[in-house]
Amino acid sequence: MTKIKVENVTKIFGKHINSALKLVEQKKNKTEILKQTGATIGVNDASFSVNEGEIFVIMGLSGSGKSTLVRLLNHLIEPTSGSIYIDGENISKMNKQQLRTIRREKMSMVFQNFGLFPQRTVLANTEYGLEVRGIPKEERTKKAEQALENAGLLPYKDQFPSQLSGGMQQRVGLARALANDPDILLMDEAFSALDPLIRKDMQDELLDLQQKVRKTIIFITHDLNEALRIGDRIALMKDGKIIQIGTGEEILTNPANDYVKTFLEDVDRSKVLTVENAMIRPISVNVEMDGPKVALKRMRDEEVSVLLAVDKRREFKGYITADDALEASKRGEKDVNGILKADMPVVPPDMLIQDVLGVISESPTPLAVVNENKLVGVLIRGVVIQSLASNTEEVTRDE
Ligand SMILES: Nc1ncnc2c1ncn2[C@@H]1O[C@H](COP(=O)(O)OP(=O)(O)OP(=O)(O)O)[C@@H](O)[C@H]1O
Ligand SMILES: [Mg+2]
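Here the structure is a predicted model, which is why all the values come from computation and not from measurement. (Residues numbered from 1 in each chain as written. Chains lettered and ligands numbered in written order. Predicted model: local features only at pLDDT ≥ 70, side-chain atom pairs only at ≥ 80, totals over all residues. Heavy atoms only, no water.)

Chemist: Please give an account of the sheet that holds strand β1 (residues 2–13) that cites residues and values.
Modeler: Paired through their backbone hydrogen bonds, the strands of a sheet run either parallel or antiparallel. Ordered by their spatial adjacency, 4 strands build an open sheet running β2-β1-β4-β5, and the pairing between neighbours is antiparallel. Strands at the two margins of the open sheet, each flanked by one partner only, are β2 (40–51) and β5 (89–90). Two elements, β1 and β2, share 8 bridges in a ladder whose sense is antiparallel. Along β2, the bridge assignment pairs Val9 with Ala46. Here helix α3 (residues 66–73) sits on the sheet in contact with β1, β2 and β4 (81–86), set at roughly 120° to β1. (Pairing = 2+ DSSP bridges. Helix = DSSP H or I, 4+ residues; strand = E, 2+ residues; numbered from the N terminus. Contact = heavy atoms within 4.5 Å. Axes fitted to C-alpha atoms, helices over the stretch in contact; angles between N-to-C directions.)

Chemist: Can you tell me about the sheet that holds strand β12 (residues 306–310), naming the residues and giving the values?
Modeler: In spatial order, the strands read β11-β12-β13; together these 3 strands make up an open sheet with mixed pairing. Every other strand in the sheet has two partners, leaving β11 (284–286) and β13 (316–321) as the edge strands with one partner each. Averaged over all adjacent pairs, the angle separating strand axes in this sheet is 35°, with direction ignored. Bridge analysis of β11 against β12 gives 3 bridges, and the strand direction is parallel. Within β12, the position partnered with Ser284 by the bridge is Leu308.

Chemist: Hey, could you go over the site of ligand 1 for me, with residue numbers and the actual values?
Modeler: Surveying the vicinity of ligand 1 reveals 16 residues, the closest of which are Lys30, Ser62, Gly63, Lys66 and Thr68. One nitrogen or oxygen atom from the side chain of His222 is found 3.2 Å from an oxygen atom belonging to ligand 1. The fraction of the free accessible surface of ligand 1 (630 Å²) that becomes covered by protein chains is 64%. Secondary-structure elements contributing two or more residues to the shell around ligand 1 are β2 and α3. (Near = heavy atom within 4 Å. Polar contact = N/O pair within 3.5 Å; in protein donor to acceptor, adjacent residues only side chain to side chain. Areas by Shrake-Rupley, 256 points an atom, 1.4 Å probe, with all protein chains shown as cover.)

Chemist: Tell me about the pattern of salt bridges, and name the residues and values.
Modeler: Evaluation of the coordinates by the stated rule reveals 28 salt bridges. The shortest N-O distance in the salt bridge between Asp311 and Arg313 comes to 3.3 Å. The class of Asp311 is buried, set by a relative accessible area of 5%. A single network of salt bridges, built from pairs that share partners, joins Arg120, Glu127, Glu131, Lys137 and Arg140. (Salt bridge = Lys/Arg side-chain N within 4 Å of Asp/Glu carboxyl O. Buried < 20%, exposed > 50% of the residue type's maximum accessible area, 1.4 Å probe, protein only.)

Chemist: I'd love a proper account of the packing of helix α1 (residues 17–25) against helix α2 (residues 30–37), names of residues and values included.
Modeler: At a minimum axis separation of 10 Å, α1 and α2 run at an interaxial angle of 150°. In this view, α1 runs roughly antiparallel relative to α2, as classed from their interaxial angle. In the packing of α1 onto α2, the handedness of the crossing is right-handed. Side by side, α1 and α2 meet where Ser19, Ala20, Leu23 and Val24 of the first sit next to Ile33, Gln36 and Thr37 of the second. (Parallel < 35°, antiparallel > 145°, perpendicular 65-115°, else oblique. Left-handed = near helix turned anticlockwise from the far one by under 90°.)

Chemist: Before we move on, could you go through the side chain of Ser83 and cite the residues and values that matter?
Modeler: Within the secondary structure layout, Ser83 lies in strand β4. Residues contacting Ser83, with those up to four places away along its chain left out, are Lys5, Val6, Glu7, Val9 and Asn90.

Chemist: Tell me about α2, and please be specific about residues and values.
Modeler: The set of residues buried in α2 consists of Lys30, Ile33 and Thr37. Along the long axis of α2, the arc covered by the buried residues comes to 65°, so they all point the same way. Residues of α2 that are exposed and point over 90 degrees away from its buried face: Thr31, Lys35 and Gln36. Where α2 is buried, its residues contact α1 and β2. Between a side-chain oxygen at the N-terminus of α2 and the backbone nitrogen of Thr31 the separation is 3.1 Å; the capping residue is Asn29. Backbone geometry just after α2 places Gly38 at a positive phi near 80°. (Arc of directions from axis to C-beta.)

Okay, here's the thing in structure tokens:
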């Protein structure tokens, strides 16, 4: 279900907004518009939808319009043109009261610099949003304590932010946002101020939490690896424009243009390639139809020494080797059931290559790729290594 819908939204800062808007309509870019009018394009004709329960990542370089987009979403600023819908309702058409309710109850924000009040305790910080909403003391304390408990911070509730590490402070920021029980979490560079290992812990924690609370999360980051780790989908912004939206896999496999490609250069391909991208067509034998002679002929034709065994429904049954097939053929056996081996590792197609590299290097046989019991492919060590190498090459070659 669509939670947030952004439709042709443009935000222009400065003077001469109308002439700048005309130039946006003529598809002029940010630099041209600045030169001609002096107006700064914050967001340029952005359209996208965010599904309920999704982690939607917005990335882009500094000044590309990420924070402006978030401020448009919680209506801290008005779009110059275009519409934003939350739960199907156009927020530009809401009155002040409705907007305040949306901002206080439907959305919570987690800030880069944590945004905690230094003179309030951890508990009082966590209660803040509830307090603003006028929730009675007892109830808000209960909710805040629950949120701190979920974040593993309850023992620290009476401490002050300065007594906590950066990671812990940000967990308080997250707990405060969740205490409100909003539908939507807006996180603008929320983890960027943390050092790398703590940052990774926070990403894990967010993913864990998301399993439990299923919020719709808009997560802004500069960091592609962070985006790939936590984003269900990623939108890439440049000069106020959204230049590509897709899953990490889609964007990496099919970058929309050279700009996107340069973004991807840093990324270790093995982190996002899945088994499906590296598997090859399996050469198989049908245990219900084929005997050793057919198997041997197929091995010769296809120049392989192993066949994967399936039944008529293509369910995976194991494998046979050329040596065994030859022996069985000499013994006059009519089928391959007597020589069927079962010790081939099985992996699902959507598993990450990085997670199967260990299995591949240990296994004397290739790996069977099996989806709902059906054999869909085979993973061969040499091909996997080659695909990792050639993918890296492809990304750099066009630059
Ligand atoms: N209040 C404002 N007044 C004028 N221009 C603004 C204002 N806010 C943002 N801008 C301009 O809009 C553009 C987008 O800024 P924004 O803060 O959204 O970028 P960002 O992607 O969040 O960057 P960063 O990664 O540095 O946080 C920039 O060119 C910026 O100068
Ligand atoms: Mg910003």
